[in-house]
Every structure is written in C-alpha cells, then in structure tokens.
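Topology and contacts: notes
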Amino acid sequence: MLANYGFFFIFLCCITSIYGTLSAIVAAYWRHRGLYLSSKFALTATSVLVTIAGCMLFYAFQQRDYSLLYVMKNSSNDLPAIYTITAFWSSLEGSHLIWTWMLALVGLVAIWTHSKDNEHIMPWVSASLQAVLAWMFYLAITHSDPFAQQLPAPPNGRGMNELLQNPYMAIHPPMLFLGYVGLAIPFAYAMAALGYGDITQGWNKTVRRWTLFSWILLTAAITLGGRWAYVELGWAGYWAWDPVENSSFMPWLMATALLHSLLVQDKLGHLKRLSIILAILGFFMCYFGTFITRSGIISSVHSFAESPIGENYLIYLSGVMFICISVFVWRAPSILPAETDKVWGFSKESALVITQFLLLSFAAIVFIGTMFPIVSEWMTGQRISVQAPYFNAFAPWIGLGFVVMIAVGNLMRFQSGKIPYGKKIIFGSVVFAIPLTAFFVYMGDVMATRSNWNLWAQLIGFYLTSWAIGCLCGDFYVKLKDLRFNMKLFFDRNLAYLGAFVAHMGLMIAIMGFLGNYRGLEKKVTLNEGETTALFGYEFTLDQGVQIKKDENATLFWTPVTVKKDGQLIGTVEPAQSRYPTKPDQTFNEIGIEGDFWNDVYLVLVDFDRASGKQVTFAININPTVRMVWWAITIMCVGGFIGLFDLYRGNKSRDVVAGNWEVKA
C-alpha cells in the first residue's frame, strides 16, 4: 500500500512539472500573467506532493519496511537510529529523490520570493526549473524508483554501506545536493535572460545571492567529504583527486568564477554573456558529476554501481548542452553591455578577469584529467589511468597565481590604474611576511623537511601567502581609513567586501595548510604489548593488546596507544578495526587521531595476532597542518555567509527596465 501511494505521488509530480513547464513557456511567449500564476501553483503542488512522498520513504525506513526493495538494500534490524535516517540518501534511488525534493522546495522559494525587477523574466525561470524537475521525476518513476517492491518482505535487510555509517557522511550528501540545487537557480535565470533578451537590475543581485548560497554549501560539503575520507578510509589523506571528488570540485570552480564575473558586471556592466555561460556550466557540471557517480564508468569508493540511469544522464546532458548552445547562439547577440562610458584598463576588473582565467584553466585541467581515462578506453579499448601526480603538477602553479592575484587584485580599484598607498602596502607586506613566515616555519618544524625541493616549495609558499595576507590587511586598513573608521558606515556599505576579505584570508590560510603535504611522514611498525617506537619526536607505546568491545551495531577490535612528544604526554589514541553483522567476513578501519594545531598523529591498526592479540601492526602518519585546513575552510564559509547579507550595491546599474504583462489574467 505504501509503495503504491509513494509511486503515485511521484507520478503526479511528473505530471504537474510537465504542466508547469508548458504553461510557463506559453506565459513567457504571450506575456500572460494568469498562465504564469498557474505555473507557480503547479510548482507549489509538485513541492507538496514530493514532500509527502519523501516523508513516506522516511517512514518506511523508520518502520524497517523491507517490502520496499530500497529499504531492504540499505537498512537492517541492527542499524542505529541516526543511520536509519541517513540511509534515505545512502544509495541511488534515495539520493535521487532527496535531490529532486530539494530542487522542488528551493525552486518554490525562488519563484515566490523574486524581486519586482525580475517579474517579467520569471516565466522563463519557472519553465527552466520545472523542466529539470520533470526530467528528474521521469527518472524516478522509470529507472530510480525508491518505492519498488519486494514481496514477500524478508525478516532483515542487507544493511547500509558500512563506510557511510559515519557522522560526516550523514551531512555531506544532502549538503552537496543542496549546493547543486542552488546552482540550478542561476542556470534558470541565465536561460531567462536569454529568453527575454537582456539582463535587468535585479538579475545580477539575485544570481549573485543564489550563487553565493551554493558556493558556501559546496565549500562545506567538499570539506566534509574530505574529512570523511580522512577519518574513515585510513590512507592518511583528505584529497586524492578521485574522479568523484573532482566532479564536486568543478561546480565549485564554476561558482567561484561566476561570483567574480558578477562583480565586474555589477561595477561596469560588462561580462554579461560570460556570466550566463558560467551559470550554465556550473549547472551542467553538477549533473556531469552525477553522471560520473551513477553511470559506473569510474571506480571509486564514492560511486554507485552501474545502472541504467547513467545512460539517461548522458542523453540528458547532451540535450541540455544542445539546447543551451542553440539558445545562446540565437539570443546572445541581444545581450549587450550597459550603455556606459566605462572601458577596460589595467585596474581591478583586469585582475578579476585574470582570476577567472585561472579558475577556468584549473577546471579544464581537472576535467581533462577526470575524463581522459574514460575517453582513452572508449577510443582504444584500454583505460589509461590519470593519477594525482598529473593534478599536482598544475595545482601549485595555479595556486601561486591565485595568491598573487588575490594580493594585488584586492589593492586595485575599478577604472583606475592607481593603487592607493600601493607602494607602502606592497613593500610593507614584504617586510611583514618575514616574521610571519618565520613563525610558521618554526612552529611547523618545516626545516626538518628531508627533500630540498619540498623544503623550498614550503618556504616560498609560506612567504607568498604571508605577503598576500599582509596586502589584504593593508587594503582593509585603507578601506576603514577612507571611511574615517566609521564602523557603522563600513558595515552598512561593505558587507560584501568584508565577506570577500574573510573568505580570501581563509583561502590563504588553507594554502598554508596544504603545504603540510610536502613534509608528511609515515612508518609501518609491528609492536608487542609494552613496546615503544618513535617517529619525528613522537613516542608510541602499545599499552595493551587488542581488546574487543561493542559499539552500537559494530564489533570493535581496538588497542590503546600512548603518544608522547619530547617526554610529555599528548594523549591516548585507540585505533581499531570494526566488523558489522551484515558483513561478518570484512573489517573496516577506525582511525586513531591525536595531536595539536600543527601536527596530526594518525594511527591505523593494520593487523594483529589473532591468537593472543598482543602483537599489533600499525601504520603511523605525522600529518602537518591538517587542522589548519579545516579551520581555514570554516573561515571561508563564514566569509561567504557574511556576504549573503550585503544589501548595499552602490549606484543602480543602467540596465533595461523590467517589462510589463500584456495579458494579466
């Protein structure tokens, strides 16, 4: 009964979405307000129906209704309560449904809360969003049905993927999907601008706010995914240029480039077409990454098994690109820069364009590295793997470009080749960077790096990021000085600037944290009970042999290890191997992590003597400045959050005035 109702509600969602799309297109063509309102109510109905369907699936998981095939495959009688909830999005059908559910709700907010400046283009926005929804609901009822039945119902399920039974993975997928959904709104506005033929005053503000919303969520979601990999997989890293990691990174790069393009558009009226292209590419990359995840064409701990949904995604992506390119070629000539005497020069807008070039180049490098194995196999029948060294060959140089452009670009002003107090700030930062670099080098034990190349890379990296921090702080001081340190006026008019300042500072600190990868240390050792080993000044003592305890639905084989640094007790870590009743023949890593701001001590229990448990093999890693990365990215998200509240955009742009409805009812 539940399965039939759930499927019926999703089927109705598909019908209402198709109707909403068609009525919105006709409303846009005829300028018919009544049809547009009908389209809005169709989206409202869709949101209500999909909410009911989603709640029904949640209820099925809570009741452990194994007559639903999806519940049977992703839950079990022993699954803890929190993971009974997160099992909803732990596999293909549920993750597709929650993504679609979020898109309907966010689309509803976008449609009903738009500014008056945008009202005349909203039929195109509604049509674009509901067309995407219609396709996603079509997939849900044809290839990704979460309400498919299995009768008779078995007494127990197969259980949730053990690797996903982690607090970080409970939050990461819905946050990532919400970030993807956020980029659907700029895409819809981009198609609306093409459909209408120009961009209005409210378009830039709305697209900027939704892009920034998505950027914050993607930043946080990618970080949570990296944190999950760090504490769950046992390879002592948080980013491996895995294809699925790359697929979430590319939309982030597009969103970042779009934010910088919108800034130029706001100040000068230029780059309108580029903003539209970036909005479309950001949306496309979200679904491209989903195609990689769900098609089975790549091997990754993140990816789902091969499914017919992959072929449908490929057809959808091809259709989206064909439609977008056709509409852009047809309508883009009507979208012209604002009537203004502002022209290009060696000024802030030039720095922003160079930054966009770096971001798009980085995205192209990542795209090529991700797709090359797939294309090579398709063309030659042999898969040529592209590993981390390919990406790492480019990333430092791209990062260097970012550091320089953030430092110098923030000092520049629009429409001016002069930098206020430029020499003082730049050369003052050269001096400021020396003690700051020395501090980081000393506290992080950078001089202990064994490789000369890695040592110099860190010294140069720390110095340049310290110099960039000095430039950012100098520009911040000048901004306050220009306002005579009137803090109320500063916060009233400069929240966007303040948010960007905080986010850029966070990025500089994150780059410092990334430099720790150049000096990480590792050691594999076998210890008997009571024995001690040392690495990089740390001492590790196996206090006891392997113990056994129960932790919710897992059985843990754990051992306490005392960690000391220079004779001082740091703490006790408890690395373990876990075993779940759904997979009794397989064990999973439970990492032991201890340390401070400068170094993580990372222990993996590799193996142990099954007879006595008193001999244990460990993989020990010293991971410098990892915690700096987590804190830095948190700072970046805070900066984005501050920018969301900016309401002051200076003088109004000289764009076209919103159109009127020809038929009002």
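Residues numbered from 1 in each chain as written. Predicted model: local features only at pLDDT ≥ 70, side-chain atom pairs only at ≥ 80, totals over all residues. Heavy atoms only, no water.

A few words on the nonpolar core. With 151 residues, the main nonpolar core has Leu57, Leu103, Trp203, Trp215, Ile276, Tyr287 and Phe362 as its most contacted residues. Sort the elements by how many residues they give to this core and helix α7 (residues 167-196) lands first, with 17 residues. (Core = buried A, V, L, I, M, F, W, Y, C linked by side-chain atoms within 4.5 Å. Buried < 20%, exposed > 50% of the residue type's maximum accessible area, 1.4 Å probe, protein only. Helix = DSSP H or I, 4+ residues; strand = E, 2+ residues; numbered from the N terminus.)

Scanning all chains against the criterion turns up 49 aromatic pairs. Look at tryptophan 135 and tyrosine 316: their rings are 3.7 Å apart centre to centre, the planes differ by 10°, and that puts the pair in the stacked class. In this pair, tryptophan 135 sits in helix α6 (residues 122-142) while tyrosine 316 sits in helix α11 (residues 309-331), placing the two residues 181 residues apart along the sequence. Considered together, tryptophan 135 and tyrosine 316 belong to a single accessibility category, that of buried residues. Their ring planes at 75° and their centres at 5.1 Å tell us that phenylalanine 641 and phenylalanine 645 sit as a pair that is edge-to-face. In this structure phenylalanine 645 comes out as partly exposed when scored by relative accessible area, which is 48%. The side chain of lysine 40 reaches across the aromatic face of tryptophan 112, ending 3.9 Å from its centre. Positioned above the aromatic ring of tyrosine 538, the side-chain terminus of lysine 565 is 4.6 Å from the ring centre. (Phe/Tyr/Trp six-rings, centres within 6.5 Å; stacked < 30°, edge-to-face > 60°. Lys NZ or Arg CZ within 6 Å of the ring centre and 35° of its normal.)

The next subject is the pattern of salt bridges. Going through the model one piece at a time under the given rule, you end up with eight salt bridges. We note a salt bridge from glutamate 93 to lysine 73, for which the minimum N-O separation is 3.9 Å. You can see glutamate 93 sitting in helix α5 (residues 92-112) and its partner lysine 73 sitting in helix α3 (residues 69-74), a full 20 residues away along the chain. Lysine 73 sits in the partly exposed class, given a relative accessible area of 26%. Two residues, lysine 488 and aspartate 492, come together in a salt bridge whose shortest N-O distance is 3.0 Å. Residue lysine 488 and its partner aspartate 492 are both found in helix α16 (residues 487-493); the two are separated by four residues, about one turn of the helix. Judged by relative accessible area, lysine 488 falls into the exposed class, the value being 63%. By relative accessible area, which is 43% here, aspartate 492 ends up partly exposed. (Salt bridge = Lys/Arg side-chain N within 4 Å of Asp/Glu carboxyl O.)

What follows concerns α6. Taking 1.5 Å per residue, 21 residues should reach 30 Å; α6 reaches 30 Å between its end C-alpha atoms and fits that length. Within α6, 17 of the 21 residues are buried, leaving the element largely enclosed by the surrounding structure. (Expected span 1.5 Å × (residues − 1).)

Here the focus is the pairing of strand β12 (residues 615-624). For β12, the tally of buried residues reaches eight of ten residues, placing the bulk of the element in the interior. Across eight bridges, strand β1 (residues 521-528) lies against β12 in antiparallel orientation. Its bridge partner lying in β12, valine 525 is registered against phenylalanine 618. Sheet topology places strand β11 (residues 599-608) next to β12; nine bridges connect them, and they run antiparallel. (Pairing = 2+ DSSP bridges.)

With that settled, the discussion passes to the sheet that holds strand β8 (residues 576-580). One open sheet holds the four strands; their spatial order is β4-β5-β8-β9, and the pairing between them is antiparallel. At either end of the open sheet lies a strand with only one pairing partner, and these are β4 (547-551) and β9 (583-590). Recorded for the sheet is a direction-independent mean angle of 30° between the axes of neighbouring strands. Two strands pair when backbone bridges link them, and strand β5 (residues 554-558) and β8 are joined in this way by four bridges, in the antiparallel orientation. Among the inter-strand pairings, phenylalanine 557 is bridged to a residue of β8, identified as glutamine 577. (Axes fitted to C-alpha atoms, helices over the stretch in contact; angles between N-to-C directions.)

Moving on: the domain arrangement of the chain. By domain assignment, the chain separates into domain 1 (1-165), domain 2 (167-409), domain 3 (420-517 + 629-649) and domain 4 (521-623). Taking only C-alpha atoms, the centre of domain 3 and the centre of domain 4 are 37 Å apart. Tallying the contact residues gives eight residues for domain 3 and five residues for domain 4. In total, domain 3 and domain 4 occlude about 550 Å² of area from one another, counting both sides; carbon and sulfur atoms represent 71% of this. (Domains from an automatic or database assignment. Contact = heavy atoms within 4.5 Å. Buried area = accessible area lost by both parts, 1.4 Å probe.)

Right, let's get into the sheet that holds β11. Pairing is antiparallel in the open sheet, where four strands are placed in the order β1-β12-β11-β10. Strands with a single pairing partner mark the edges of an open sheet, and in this sheet they are β1 and β10 (592-595). Neighbour-to-neighbour, the strand axes of the sheet open up by a mean angle of 25°, direction not taken into account.

Let us now look at the environment of tryptophan 235. Summarising the element assignment, tryptophan 235 is placed in the loop between α8 (201-232) and α9 (243-268). Residue tryptophan 235 is classed as partly exposed on the basis of its relative accessible area of 37%. The spatial distance from the C-alpha of tryptophan 235 to the C-alpha of asparagine 589 is 9.8 Å, given a sequence separation of 354 residues. In this view, tryptophan 235 contacts Ala229, Ala240 and Tyr602; residues no more than four positions away in its chain are not counted.

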